[in-house]
Structures are given as C-alpha cells and as structure tokens.
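# Coordinates in review
Each chain is listed here by its residues.
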Amino acid sequence: MAELKVTAIREGTVIDHIPAGKGLKVIEILRLNRPNGGVLLLASNVHSGKLGRKDIVKIEGKFLSEEEVNKIALIAPTATVNIVRDYKVAEKFKVEVPGEITGILRCANPNCVSNHEYTVSKFYVVSREPLKVRCHYCERTMEEEEILGNL
Amino acid sequence: MDWKGRDVISVRDFSKEDIEFVLNVAERLETELNEKGALDYAKGKILATLFFEPSTRTRLSFESAMHRLGGSVIGFSSAASTSVKKGESLADTIKTVEQYSDVIVLRHPMEGAARLAAEVADIPVINAGDGSNQHPTQTLLDLYTIKRAFGRIDGLTIGLLGDLKYGRTVHSLAEALAFYDVELYLISPELLRMPKHIIEELREKGVRIHETTDLEGTIPKLDVLYVTRIQRERFPDEQEYLKVKGSYQVNCAVLKRAREGLRIMHPLPRVDEIHPEVDKTSHALYFRQVFSGVPVRMALLGLTLGVLEGV
C-alpha cells in the first residue's frame, strides 16, 4: 500500500528500492529538480520488506537513458526501475553497476590527466560492495563518497 | 611472446610471465653487450624522449640504452622549450612526435598522461613516470637488480623504507613483488605509510606484509632494504614535510645489526637517507641498480620496436 502515498503517474518512470535517504541524491544527479521538468514525486522513508526503509522517485513523462540508469546504479545499487505506460508497469528491471563506467564520472584526482586533457573518463569497478572504482588513466581508487561527489 | 608495438604504461598491465620475459631478455642483452661492446639491433630506429619534467637519470638511461642498441634519439628535457608552452595539448604533441620517431618515452607530471599518450599514438609509448602514479621501467630494473644479486626473487624478505605514501617507485615495486613469494616489511614514519588500498590489494594477493616505524629492529630480518627519499616536491604541505624530513638514515651503525648478505637499493637521487660511508660496503647495490636500467630499457625498447627476435 506504500505506493498509494504518492500519486500514480500515467507515463514515466518509477525508481523504487532506493536506499532510504538517497532519493534526493538520485533527483540531483538526474537533474530532475529543474523548474521546466515534468511532475516529480519523492517518497522518503517508506517501509520496505527488502530494505527496511526505502525511497521512491516517480518522474512523469521521462524515460531514462542507459547513462542515467548507470548513474543510479552507482548511488543506489538496490534500485529497480519501472517504466510506466498508461498507468501500468510496462517494463521493470534492476539497476546493475557495470564493470566499466564510461563518461559519467569525473576523476577525484585533481592531477589526473583526464581532468586536464580531452578524454572520455573511464573507470573499472574494483568492488561493488562497498563500491570502489579505479580510474583508467591515473589508476587511483575512488570510494563511495568520492564517487558521489564526482558524478 | 609478442611485444612488438606494445605500450609499457603500468605494472598493472604485466603478468609474471611478461616480467620474467623482459628480465631474461635484459640479461641476454647485458651478456651480449659485455662481449661485443655495442649492438645494432635498433639501427635506423629513432627514440623520442619527451620529458615534460626534469629527470636526468631516467632520460640518460633511456638514451644510453637506445644508443647501445644502435639507434638514435631525439627529444626534449623540459616542456618550457616546446609548443606545450603555447597551449598545445599532450595528445597533439604525441601525434606530432610520432611522425618523427619509432618509439616514444614519456615523463609527465600528470597521472595517467602515459595511458592517454598510448591511446593517441600508433607507435609504442613507454612510461618514464607519470606524476605520483607509475614508473614501470624503474620497477623492472629494480626486479632485475634483485634477481641478478640473489639469483632469484622468491623467498626473499624485503624492506621498503621511507616515503611509502607518495613514492611511486615503492608502490609499483610492491605491486610487482606480489607476483613472487616474498615477505614485505613496510618501514615508514606514521605520516608516510603505504596507502591503505595498496596494502589491501597486496594482502588479497597473498603477500605477507608487516607495517612498522622501526628500522633498527627490522633490519636484521631483511635480505633487501629498498630505501627511498622523502620527496619534498610531492608534499602538498611544507609543514608535513618538515615533520618527517630526515626520519631515517642508513649508516654503518645501523648496518651492524644487518645480515651479511643484506643488499641496499635506492632509486636515487638520495639526499641524506643513506650515508656515503655505506657506498664502500658490500651492502650497497644502488649504483649497480643504476646500471641495470640500461639492459632493462634496451630490452623494452628492442622488444616494443620488434627488433629483438633473434635475441
């Protein structure tokens, strides 16, 4: 019944099973808080059988790109994405942290060449839990906090 | 093993077989060099040495290696005299220089510069140091020196002393030693401990590691003591440097407790961390270590150029 606490959407995306407290970060990195965006709903601290507490983000009129799904995976690896069409869930999938993260993350090392020359950033996932990635260029390992700060 | 056209960027790119292969080729080249004086495997080939920051030792070692292989060298030893000063990107510099040469050796202050250069260039790129990240040819020559001195690497107890936080030579060497059955003592001031992620990685690979601040208590256990300079230029904060400056000095008094066979290495230059009185003892291996750079770099140049099939 938790889903009834926020309005159902007709067309769009529901990002469910976001760890409690990370919903705002999801909104921030997907840049959903811009004034010209569609209807955006956030349910925070909702009871969850799997997670105890979870956040849910509903976005009307928006379908996520692969890059956006990968970004969510870095912040909220437990999240599920529901594509809603005509008030019904047309597609549902779990986000997954990819082995390589290309283009969506900036290296936290200020002396990394990727922050100075034209490159497409690339990171290898060293560990999924806790999340750790290694920069393809400078080889420095970034942990969760740095990753979140550089998305 | 096909090395023609291969880039040499990071110790992480190597397997144990790669390392052993390079060390064996270097040994054969050293023998041949001793017999013939000069070789001509790279005759007609040009090495470009692009040194965006000063490093006389590494640059001269590469140049000597190329000359001893019969090839020739072009390049610069400071970015100040190049188009970089006009704002040229590293990628454009590399694309330009590869038109003039067959192999590029790059030293650059930014971490990852060599990886980027290798992606841009069609000719092999050899990393001669990228910021505080990697210096793979130093690591190979360090391993070569140990192997020549002891006839093996497996079974040795090795101490890494000094700046283990910022020192890229010890980071790379430790990673490479993880391929071998060694016991490592990491000896440093608290402020300059080996980064946690490197220690975790080494432990995961099964290396027996001990962290300590006590040089005198550790020295009796060691076969190799690898000393590094506390590098003022790597410290973001001068105050932090002053706290640890001169923390350790290896001198004859300290060495009284050492095994007879202890060999001392240092990537050089040294400041005051090894007293000159040590130079004349049988422990000193650091000048031999400098020499090792030539056959190892000859091997890497020759292999990446694809001219050493007959060796």
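Below is a short write-up of the structure.

### Examining the packing of helix H2 (residues 56-68) of chain B against helix H11 (residues 286-305) of chain B
Residues and elements named next belong to chain B. Running from N to C, H2 and H11 point in directions that differ by 60 degrees, and their axes come no closer than 8 Å. Here H2 is positioned oblique relative to H11, judged by the angle of their axes. The element H2 and its partner H11 pack so that their crossing is right-handed. Contact residues: Thr58, Ser61, Phe62, Ser64, Ala65, Met66 and Arg68 in H2; Gly293, Val294, Arg297, Met298, Leu301 and Leu305 in H11.

### Section: the environment of Ile72(A)
Residue and element names in this part refer to chain A. Its place among the elements puts Ile72 in helix H2 (residues 66-75). In sequence terms Ile72 and Leu30 are 42 residues apart; their C-alpha atoms lie 8.2 Å from each other. With residues near it in sequence (within four places) discarded, Ile72 still touches Ile15, Val26, Ile29, Leu30, Leu64, Pro77, Ala79 and Val95.

### Remarks on the interface of chain A and chain B
Across the contact, 15 residues belong to chain A and 18 residues belong to chain B. Of the roughly 1400 Å² buried between chain A and chain B on both sides combined, carbon and sulfur atoms contribute 43%. Broken down residue by residue, the surface that chain A buries against chain B is led by Glu117(A), Tyr137(A) and Glu139(A), which jointly contribute 39%. On the surface where chain A and chain B come into contact, there are four salt bridges. For the salt bridge of Arg115(B) with Glu139(A), the shortest nitrogen-to-oxygen distance reads 3.3 Å. Taken together, the links from chain A to chain B amount to 15 residue pairs in polar contact (both at pLDDT 80 or more). In terms of residue class, the side of chain A that touches chain B is made up of five nonpolar, six polar and four charged.

### So, the nonpolar core
Ranked by size, the top nonpolar core spans 63 residues in total, and within it Ile158(B), Leu160(B), Leu184(B) and Leu301(B) carry the most contacts. Looking at this core element by element, the count peaks at eight residues for H11(B). Setting aside residues up to four positions removed in sequence, Leu301(B) forms contacts with Leu47(B), Phe62(B), Ala65(B), Met66(B), Leu69(B), Val103(B), Val105(B) and Ile126(B). Counting residues in hydrophobic clusters, the runner-up holds 59 residues, among them Ala79(A), Val113(A), Cys138(A) and Ala113(B).

### Regarding unusual backbone geometry
In this structure, the amide linkage connecting Glu129(A) to the following residue, Pro130(A), adopts the cis form with an omega of 0 degrees. Structurally, Pro130(A) can be placed in the loop between strand S7 (122-128) and strand S8 (131-135). Looking along the chain, the bond that leaves Leu268(B) and enters Pro269(B) is cis, with omega of 5 degrees. Of note in the backbone geometry, Asp86(A) takes a positive phi value of approximately 55 degrees without being a glycine.

### Some details on the pairing of strand S3 (residues 103-108) of chain B
All names here are of chain B. With respect to burial, S3 is a largely interior element, six of its six residues being buried. Residues Val103, Val105 and Arg107 point to one face of S3 and Ile104, Leu106 and His108 to the other, with burial holding for every one of them. Two strands pair when backbone bridges link them, and strand S1 (residues 46-51) and S3 are joined in this way by five bridges, in the parallel orientation. For Leu50, the partnering residue across the bridge sits in S3 and is Leu106. Direction of pairing for S3 relative to strand S4 (residues 125-130): parallel, over a ladder of four bridges. Within S4, the position partnered with Leu106 by the bridge is Asn127. Handedness of the crossover joining S3 and S4 through helix H4 (residues 113-120) is recorded here as right-handed.

### Brief notes about helix H7 (residues 196-204) of chain B
Every buried residue belonging to H7(B) is among Ile198(B), Ile199(B), Glu201(B) and Leu202(B), and all of these are buried. Buried residues of H7(B), viewed axially, fall in a sector of 160 degrees; they line one side. With respect to the buried face of H7(B), the exposed residues turned more than 90 degrees away are Lys196(B) and Glu204(B). Where H7(B) is buried, its residues meet S8 of chain A together with helix H6 (168-177), strand S6 (183-187) and strand S7 (208-212) of chain B. Looking one or two residues beyond H7(B), the residue adopting positive phi is Gly206(B), at roughly 90 degrees.

Conventions we followed
Residues numbered from 1 in each chain as written. Chains lettered and ligands numbered in written order. Predicted model: local features only at pLDDT ≥ 70, side-chain atom pairs only at ≥ 80, totals over all residues. Heavy atoms only, no water. Axes fitted to C-alpha atoms, helices over the stretch in contact; angles between N-to-C directions. Helix = DSSP H or I, 4+ residues; strand = E, 2+ residues; numbered from the N terminus. Parallel < 35°, antiparallel > 145°, perpendicular 65-115°, else oblique. Left-handed = near helix turned anticlockwise from the far one by under 90°. Contact = heavy atoms within 4.5 Å. Buried area = accessible area lost by both parts, 1.4 Å probe. Salt bridge = Lys/Arg side-chain N within 4 Å of Asp/Glu carboxyl O. Polar contact = N/O pair within 3.5 Å; in protein donor to acceptor, adjacent residues only side chain to side chain. Nonpolar A, V, L, I, M, F, W, Y, C, P; charged D, E, K, R; others polar. Core = buried A, V, L, I, M, F, W, Y, C linked by side-chain atoms within 4.5 Å. Buried < 20%, exposed > 50% of the residue type's maximum accessible area, 1.4 Å probe, protein only. Pairing = 2+ DSSP bridges. Right-handed = clockwise from strand over helix to strand, strands pointing away. Arc of directions from axis to C-beta.

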